[in-house]
Amino acid sequence: MTDDATARRIIVLRHAKADWPQVDDHERPLAERGRAEAPVAGEWLADSGINPDHVLCSTSVRTRETWKLVSHELPKRQRHTVFEKRIYDATAGEIIEVLKETPDDVADLLLVGHNPGVQNLVEVLAGDESLGDALTQLRQRGFPTAGIAVLAFEGSWDAVEPGVAKLVSYYTPARD
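Residues numbered from 1 in each chain as written. Predicted model: local features only at pLDDT ≥ 70, side-chain atom pairs only at ≥ 80, totals over all residues. Heavy atoms only, no water.

Undergrad: Would you mind showing me how to read the overall build of the protein here?
TA: Within the protein one finds five helices and six strands. Reading the helices (α) and strands (β) of the protein from amino to carboxyl end gives β-α-β-α-β-α-β-α-α-β-β. Its C-alpha atoms give the protein a radius of gyration of 15 Å, near enough to 16 Å, the size a compact globule of 176 residues would have. Taken over the C-alpha atoms alone, the protein extends approximately 45 × 30 × 30 Å along its principal axes. The proportion of buried residues among the 176 residues of the protein is 51%. Between the averaged position of the 20 positive side-chain charges in the protein and that of its 29 negative side-chain charges there is a distance of 4 Å. (Helix = DSSP H or I, 4+ residues; strand = E, 2+ residues; numbered from the N terminus. Rg over C-alpha atoms; globule rule 2.2 N^0.38 Å. Buried < 20%, exposed > 50% of the residue type's maximum accessible area, 1.4 Å probe, protein only. Lys, Arg positive; Asp, Glu negative; His and termini not counted. Charge placed at Lys NZ, Arg CZ, Asp CG, Glu CD.)

Undergrad: Hey, could you run me through the sheet that holds strand β6 (residues 166-171) in this one?
TA: In a beta sheet, neighbouring strands pair by backbone hydrogen bonds and run either parallel or antiparallel. The mixed open sheet is built from six strands, whose spatial order is β3-β2-β4-β1-β5-β6. Both outer strands of the open sheet, β3 (80-83) and β6, are each paired with one neighbouring strand and no more. When strand polarity is set aside, the average angle formed by the axes of neighbouring strands in this sheet is 15 degrees. Where strand β2 (residues 54-57) and strand β4 (residues 108-113) come together, four bridges link them in parallel fashion. Residue pairing in the sheet places V55 in a bridge with L110 of β4. (Pairing = 2+ DSSP bridges. Axes fitted to C-alpha atoms, helices over the stretch in contact; angles between N-to-C directions.)

In structure tokens:
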């Protein structure tokens, strides 16, 4: 059990670029560009010293494929990966409810999801708190595919609520 001053991070990853074949939206796979950019996002996480304890991933094909490619770039295997259908097409508030269920022994949680939910989540959790110009950059650039936002907060997972975190890093993959 951890106390209320426990430092935690929520690493928010938007799925990599998806293709648009004639399938249901949930079943859309990654496009060629997505298969190239997902490992780059994983390399950024590894180079930043981020190796999550726990992963919450939407059940869509594109998020599952993104996580598989990202995870191969990380230095150690994650203890738990949960494929959570409630993340697909979720609002920020719905995602917060899922985050509140995170086990207390998790310090770093990676969420793999979809826009607009993930960008709204980051903005809601950070409020106006960010390190440097990370929040300004997020608001100007949006949350592109394979983009990553790292939020830090202190406290328990069940205390996650709007304004509780600080946006400490924001990464977007380079585009050709």
